[in-house]
Amino acid sequence: MKKLFVFLLLGVVVLIAIVVIKAQITFEDTQVQVEQSNKKRFSIDQQAAVEKFAKGIQFETISYDDPSLLDPQAFIGLRQHIEQSFPLVHQNTKQTIISQYSLVYHLKGSDDSLKPVLFMGHMDVVPVDVATADQWHQAPFSGAIVDGTIWGRGTIDDKITVFALLEALEKIIEEGKSLNRSIYFAFGHDEEIGGEQGAAKIAEHFKQQGVNFEFVLDEGGAITQGLMKGIEQPVAMVGVAEKGFVNLRLTVKSEGGHSSQPPPQTGAGILSQAIVNLENNQFGTSLDHTFKTFSSVGHYAPLSSRLAMANLWLLEPIVEKSLLSSPSTAAGIRSTIAATMLKGSAKSNVLPTIATAVVNVRIMPEDSVASVKQHAIDVIADDRVEVETYMENEPSAVSPTDSLGYKLIEKNIRVLDDNVLVAPYLVMGGTDSKHFYGLSDNVYRFMMVRLDETSLKRFHGVNEQIPVQDYIAAVEFFYSMLLDAGEP
């Protein structure tokens, strides 16, 4: 027994040693090393730039679920403001208006053998919730500049990208710099409701012209602070893939009648059981995307975090359980199921003849719309429940991190601030980039803003704002990106 105990103890010691050693050697420092000498010299009239951006916030370019509520004059007014603010861009590029309000700019490069690149943003914003309107410290469409901060809807999502790109290109043209590679801008007007009339039509326009892109850069990730547990440095999250989505409409038809004489199961009851079955039978998990994100910054994580991620062969169940304990991290490792809408009869004492529910599923790249529908049919396991899909979009492919586009994004983030770490990640929400998958193998999602737990809540929320210095940093980032992309 003593020998067995010693043998077991030795085995435990060896196992612990293996786990610790793997944690120490698995995650190398993969961050691109940059020098300030790589930084493009940049100087603009910051006050004028900020004022142009702030005025752009004042146009109430709101996307409503009901498209008939769109205010044409707001979008036309914004377009006129852009034309007046960036005269050199409009003199030196070809502009195309898509679906009345979306804008495409094309700056032709000198070398047609080089694939063009596409930078995207959107001009529309979400409405301001009437219930919280009085909680804004500055009016939501004021564009107020107070104590070094620009206030209003769109300062983060996503007029900052539109104006920073235009400001950067205006400066490049002013300096007389010519680019070898053609540059395109695409600014949609309905991203907040799916982009079907904006980005989707722009993509069709490019497809008809036979245009394919070296890379596409849209909104998505940001420079985050304190959002990756254990990482003290800011982390720039660059979206290399995007979840798909689908709505499942569940329908149960029954005879109806008076509620005083109900059958053993009403249509509403059958429907409720179907939803419970879905919630009790979640999709399988995959740690691949989370591991890729962590691998890029793991060198800078504490040993406790590295121990688990470096030893998934042993600790994967524990890591999975930990990630599933929080909705935000759970969404990164599996397709999510959310029942969002229910409808029965119109009166409390009437049995429904038709009961319906809508379940929204955000789809991992490993799944598909078809597999989601089949999963629902299998786990509901009730022929009385009809399952159909609508408003669907397949998940994206995963773009590589060794492409020109990703390397330029990574380099130019770190040239501005080499304290910022860069990591690829899976975007949970939807962006206009979903319409461009067929036009490039390299589609990325990143916006030059800084977000922490507090500012993240302002995204689509109350008191949306951006520091002036962050807007200038966004202009500087795109200035450098455009020059690097245009001069291979």
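Residues numbered from 1 in each chain as written. Predicted model: local features only at pLDDT ≥ 70, side-chain atom pairs only at ≥ 80, totals over all residues. Heavy atoms only, no water.

Engineer: So what exactly am I meant to see when it comes to helix 15 (residues 468–486) here?
Structural biologist: Since there are 3.6 residues in each turn of an α-helix, residues three or four apart along the chain are aligned in direction. Here helix 15 spans 27 Å end to end across 19 residues, near enough to the 27 Å set by a 1.5 Å rise per residue. Of all 19 residues in helix 15, 17 are buried; the element is thus mostly enclosed. (Helix = DSSP H or I, 4+ residues; strand = E, 2+ residues; numbered from the N terminus. Expected span 1.5 Å × (residues − 1). Buried < 20%, exposed > 50% of the residue type's maximum accessible area, 1.4 Å probe, protein only.)

Engineer: It is not clear to me how the nonpolar core should be interpreted in this structure. Could you clarify?
Structural biologist: It is characteristic of soluble globular proteins that their nonpolar side chains tend to be buried jointly. Ranked by internal contacts, the top residues of the largest apolar core, which has 66 residues, are Ile82, Phe119, Phe185, Leu217, Ile413, Phe446 and Tyr471. Of all the elements, helix 15 adds the most residues to this core, at twelve residues. Not counting residues up to four positions away in its chain, the partners in contact with Tyr471 are Ala49, Val50, Phe53, Ile150, Ile160, Phe163, Ala164 and Glu167. Judged by nonpolar contacts, the second largest core, of 23 residues, contains Val246, Leu278, Val361 and Val372. (Core = buried A, V, L, I, M, F, W, Y, C linked by side-chain atoms within 4.5 Å. Contact = heavy atoms within 4.5 Å.)

Engineer: Teacher, can you tell me more about the pairing of strand 6 (residues 183–188) here?
Structural biologist: The two faces of the sheet receive side chains in turn, since in a regular strand these alternate between them. In terms of burial, strand 6 is largely enclosed, as six of its six residues are buried. A two-sided burial pattern is seen for strand 6, the buried positions comprising Ile183, Phe185 and Phe187 on one face and Tyr184, Ala186 and Gly188 on the other. Here strand 2 (residues 102–107) pairs with strand 6 via five bridges, running antiparallel. Pairing of Val104 across the sheet is with Ala186, part of strand 6. Sheet topology note: the strand 3 (residues 117–122)/strand 6 ladder contains six bridges and is parallel. When the sheet's bridge partners are listed, Phe119 is paired in strand 6 with Phe185. (Pairing = 2+ DSSP bridges.)

Engineer: What am I meant to see in the packing of helix 13 (residues 404–416) against helix 15 here?
Structural biologist: Packing of helix 13 against helix 15 leaves a shortest axis separation of 10 Å and a crossing angle of 135°. In terms of orientation, helix 13 lies oblique with respect to helix 15. For the pair helix 13 and helix 15, the crossing hand works out as right-handed. Seen from helix 13, the contacting residues are Leu408, Ile409, Lys411, Asn412, Ile413 and Leu416; seen from helix 15, they are Ala473, Glu476, Phe477, Ser480, Met481, Asp484 and Ala485. The class makeup of the residues in the contact of helix 13 with helix 15 is eight nonpolar, two polar and three charged. (Axes fitted to C-alpha atoms, helices over the stretch in contact; angles between N-to-C directions. Parallel < 35°, antiparallel > 145°, perpendicular 65-115°, else oblique. Left-handed = near helix turned anticlockwise from the far one by under 90°. Nonpolar A, V, L, I, M, F, W, Y, C, P; charged D, E, K, R; others polar.)

Engineer: In this structure, what is going on with the side chain of Asp484? I would like to understand it.
Structural biologist: Relative to the helices and strands, Asp484 is located in helix 15. Since its relative accessible area comes to 12%, Asp484 is described here as buried. Those residues within four positions of Asp484 in sequence are excluded, and the remaining contacts are Lys40, Leu408, Lys411 and Asn412.

Engineer: Is there a simple way to think about the pattern of salt bridges in this case?
Structural biologist: Should the charged atoms of two oppositely charged side chains come close, the side chains can pair. Per the counting criterion, the structure on display carries twelve salt bridges. In this structure, the salt-bridge partner of Lys177 is Glu175, at a minimum N-O distance of 2.7 Å. Several salt bridges converge on common partners, so that one network encompasses Lys40, Lys411 and Asp484. (Salt bridge = Lys/Arg side-chain N within 4 Å of Asp/Glu carboxyl O.)

Engineer: Explain the sheet that holds strand 13 (residues 354–363) to me, please; I cannot follow it from the model alone.
Structural biologist: By definition, the strands of a sheet pair up through backbone hydrogen bonds, in either a parallel or an antiparallel sense. Strand order in this open sheet of four strands is 11-13-9-14, and the pairing throughout is antiparallel. Edge strands, defined here as strands with exactly one partner in the open sheet, are strand 11 (336–343) and strand 14 (385–393). Taking the axes of each pair of neighbouring strands and ignoring which way they run, one obtains an average angle of 20° across the sheet. Both strand 11 and strand 13 contribute to a ladder of seven bridges, which runs antiparallel. Bridge assignment links Leu342 to a residue of strand 13, and that residue is Ala357. Across the sheet, helix 12 (residues 369–380) lies against strand 9 (244–253), strand 11, strand 13 and strand 14, angled at about 160° from strand 14, the strand it touches most.

Engineer: How should I be thinking about the layout of surface pockets in this particular structure?
Structural biologist: Rolled over the atoms, a probe with the dimensions of a water molecule shows which regions are left empty. The volume enclosed by the second largest pocket comes to roughly 180 Å³. What lines the second largest pocket is a set of 14 residues, and nearest its centre among them are Arg450, Leu451, Asp452, Ser455 and Asp470. Mapped onto the lining of the second largest pocket, the elements with two or more residues apiece are strand 16 (443–451), helix 14 (453–456) and strand 17 (465–467). A per-element tally of the lining of the second largest pocket places strand 17 first, with three residues. In terms of residue class, the lining of the second largest pocket is made up of six nonpolar, four polar and four charged. (1 Å grid on protein atoms, 1.4 Å probe; cavity = no way out; pocket = protein on both sides within 12 Å on 5 of 7 lines; lining within 4 Å. Points joined across faces, edges and corners; volume = space filled by probe spheres on them.)

Engineer: Mind showing me how you'd approach the side chain of Glu410 here?
Structural biologist: With respect to the helices and strands, Glu410 occurs in helix 13. Here Glu410 is buried and forms no salt bridge, its nearest opposite-charge partner Arg414 lying at an N-O distance of 5.9 Å. (Lys, Arg positive; Asp, Glu negative; His and termini not counted.)

Engineer: I tried to follow unusual backbone geometry on my own but got confused; where do I start?
Structural biologist: Glycine aside, a negative phi is what most residues show, and trans is what most peptide bonds show. Of the consecutive residues Asp157 and Asp158, the connecting peptide bond is found in the cis state with omega at -5°. In this fold, Asp158 is placed in the loop between strand 5 (149–151) and helix 5 (159–174). You will see that His460, though not glycine, has its phi angle at about 65°, which is positive. Phi is positive for Asn463, close to 60°, though the residue is something other than glycine. Overall, Asn463 belongs to the buried group, its relative accessible area being 10%.

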